[in-house]
Amino acid sequence: MRTYGNPVLPGFHPDPSVCRVGEDYYLVCSSFEYFPGIPLFHSRDLVHWRRIGNVLDRPEQLPLPDGVPASGGIYAPTIRHHDGRFHVITTNVGGGGNFLVTSDRPEGPWSDPVWIDLPGIDPDLAWDDDGTCWVAVAGVGLARVDPATGKVLDGPVPVWSGSGKRDPEGPHLYRVGDWWYLLVAEGGTARGHSVSVARARSPLGPYEPAPENPVLTHSGSREPIQCTGHADLVQAADGSWWTVLLGTRPRGFFPEFHVLGRETFLAPVEWVDGWPRIGPVRERHPAPAAWHPQPADPARDDFDGPALAPYWISPHGRPAGSWSLTERPGRLTLTATGDSLDRPGHTFVGRRQQHHDCRASVRLDPGAGRAGLSVRMDEAHHYDIEVAAGTVSVIARIGPVRQCVAEHPVPAGPVVLAVGIRTTDVRPPTAVRPGEETAGLRAGGPDTLAFSVEGPDGAVRLAELDGRYLSTEVAGGFTGRVIGMYVTEGRAAFDWFEYVPEV
């Protein structure tokens, strides 16, 4: 029997929502403070996903002023296809509230936002047979809305507040047969996360809760996948039912740490006595009937194309004057817009860390500037390796503390900087003298980050840092690690960026 591995979208891809159009599936995720916003994926089998763009790829669609904090911005989008058109509804927390964008094609272009004067987050879209458009928000309240203008016609009316756990959110409303089903996330998005469901004959209720709520939770279990919740249902082309949902993969000693953020998982759904039954969510499941592998992104980006690949993201925005692919063809030239990664407004272009064991490296010409490679959670939690004035430095920013932990001289000109990340149940390749364990191995952290510089005489390892300080359990928030290039003084040209999973 063919099986698939979870997560189907590894790395920081939380709050997934999915829709089917014929034999094609489209999926979106939260993007929070990063631009472009709302990554968009395509699949033919629900297992293999290819990124085809970003829904919010123009600054006018996505206001993210510097005052929007880390883990502000875009929350929990919902994607639906109705009357021949794609619709995505979401919340910009700190940047205007709830809005809707539409497109004839999933690849775009997507419309400018249609703002909806509704309180709450995590909006959902559903249509009745007579064309009535319903929007549900966390809580759970339901409103009748004109999607063309954003005008709220009725509501919001409270319809169901879940089974009694905290934070009923991420609602999704479906018509299945003669019933309307309302799926919600409950218990908070941490270890108590769960999925509950209720049904009614009308969208406005009254709603009858499932007798076995929650229909999914890993709370209190020893499952390697935790925090399961925020699910969206989809019926496959063969009639089978599936759910995409978020979860985490914690590592290390108690209390354990997850560093990749909340990821997207796939699980089969069974209907029993008129109710959906989900889970538990395993690392491997029997695969759907369809099977259409997608080509993987190349490990190295040589910046030879006319535009940045859609997986490159930047916190708060990417001003036109901060980057160029044409100033030095074949290179990404970055220009400083801020003098520190510790504050919003800096120049940073990165991609999600998607594997627990991986290696990222760049070849850059710093010129007279200050530039480098950073592993980032937010402005207060990041590890950097940078070069300036003939010196390579490794810098750790952990909460209120910023410290240079290593320095090494390098000749003028291009230099290769690298970070290798390995889980701490693997011994380091270099010998360890008695009493000198690696920081992560000694203290039970989830992984170790090793920073190195490659010069004419080979690679020089400069520092190894404990990965727990770049985890959600320490930094807080809703995102995961992003590895990227930055400039904080002058300008620098990046010849290539390489990201390689390591087994």
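Residues numbered from 1 in each chain as written. Predicted model: local features only at pLDDT ≥ 70, side-chain atom pairs only at ≥ 80, totals over all residues. Heavy atoms only, no water.

A.B. asks: How would you summarise the sheet that holds strand E9 (residues 97-103) if you had to cite specific residues and measurements?
C.D. replies: The strands that make up a sheet are held in pairs by hydrogen bonds between backbone atoms, and each pair lies either parallel or antiparallel. Taking strand neighbours across the sheet as the criterion, the 4 strands line up as E7-E8-E9-E10 in an open arrangement whose pairing is antiparallel. For this open sheet the edge positions go to strand E7 (73-82) and strand E10 (114-116), each flanked by a neighbour on one side alone. Mean inter-strand twist for the sheet, computed between neighbouring axes without regard to direction, equals 25°. Direction of pairing for strand E8 (residues 85-93) relative to E9: antiparallel, over a ladder of 7 bridges. By the bridge assignment for E9, valine 88 is matched with valine 101. (Pairing = 2+ DSSP bridges. Helix = DSSP H or I, 4+ residues; strand = E, 2+ residues; numbered from the N terminus. Axes fitted to C-alpha atoms, helices over the stretch in contact; angles between N-to-C directions.)

A.B. asks: Describe in detail the pairing of strand E22 (residues 263-272), supporting the description with residues and values.
C.D. replies: Summarising the sheet, strand E21 (residues 241-248) and E22 pair through 7 bridges and their orientation is antiparallel. Along E22, the bridge assignment pairs leucine 245 with phenylalanine 265. Two elements, E22 and strand E23 (residues 275-278), share 4 bridges in a ladder whose sense is antiparallel. If you follow valine 269 over to E23, its bridge partner there is isoleucine 278.

A.B. asks: Describe in detail unusual backbone geometry, supporting the description with residues and values.
C.D. replies: The amide bond that connects asparagine 6 to the next residue, proline 7, takes the cis arrangement and shows omega of 0°. Here proline 7 is to be found in the loop between strand E1 (3-5) and strand E2 (17-21). Omega for the peptide link from phenylalanine 254 to proline 255 comes to 10°, which places this bond in the cis form. On the secondary structure map, proline 255 appears in the loop between E21 and E22. The backbone of isoleucine 38 sits at a positive phi, close to 60°, despite the residue not being glycine. Classification of isoleucine 38 by relative accessible area gives buried; the value is 0%. The phi dihedral of alanine 76 falls on the positive side, at around 40°, and the residue is not glycine. (Buried < 20%, exposed > 50% of the residue type's maximum accessible area, 1.4 Å probe, protein only.)

A.B. asks: Before we move on, could you go through the packing of aromatic side chains and cite the residues and values that matter?
C.D. replies: This model, assessed by the stated rule, comprises 15 aromatic pairs. With a centroid separation of 4.9 Å and an interplanar angle of 55°, the aromatic rings of phenylalanine 99 and tryptophan 115 are classed as tilted. Separated by 16 residues along the polypeptide, phenylalanine 99 in strand E9 and tryptophan 115 in strand E10 bring together distant segments of the chain. Relative accessible area serves as the criterion here: at 0%, phenylalanine 99 is assigned to the buried category. (Phe/Tyr/Trp six-rings, centres within 6.5 Å; stacked < 30°, edge-to-face > 60°.)

A.B. asks: Outline the pairing of E9, supporting the account with residue identities and numerical values.
C.D. replies: With respect to burial, E9 is a largely interior element, 6 of its 7 residues being buried. In this structure, the hairpin formed by E8 and E9 is closed by a connection of 3 residues, where glycine 94 is found at a positive phi of approximately 90°. Where E9 lies against E10, 3 bridges are found, and the strand directions are antiparallel. Residue pairing for E10: asparagine 98 is matched across the bridge by isoleucine 116.

Coordinates in, geometry out; function isn't part of it.
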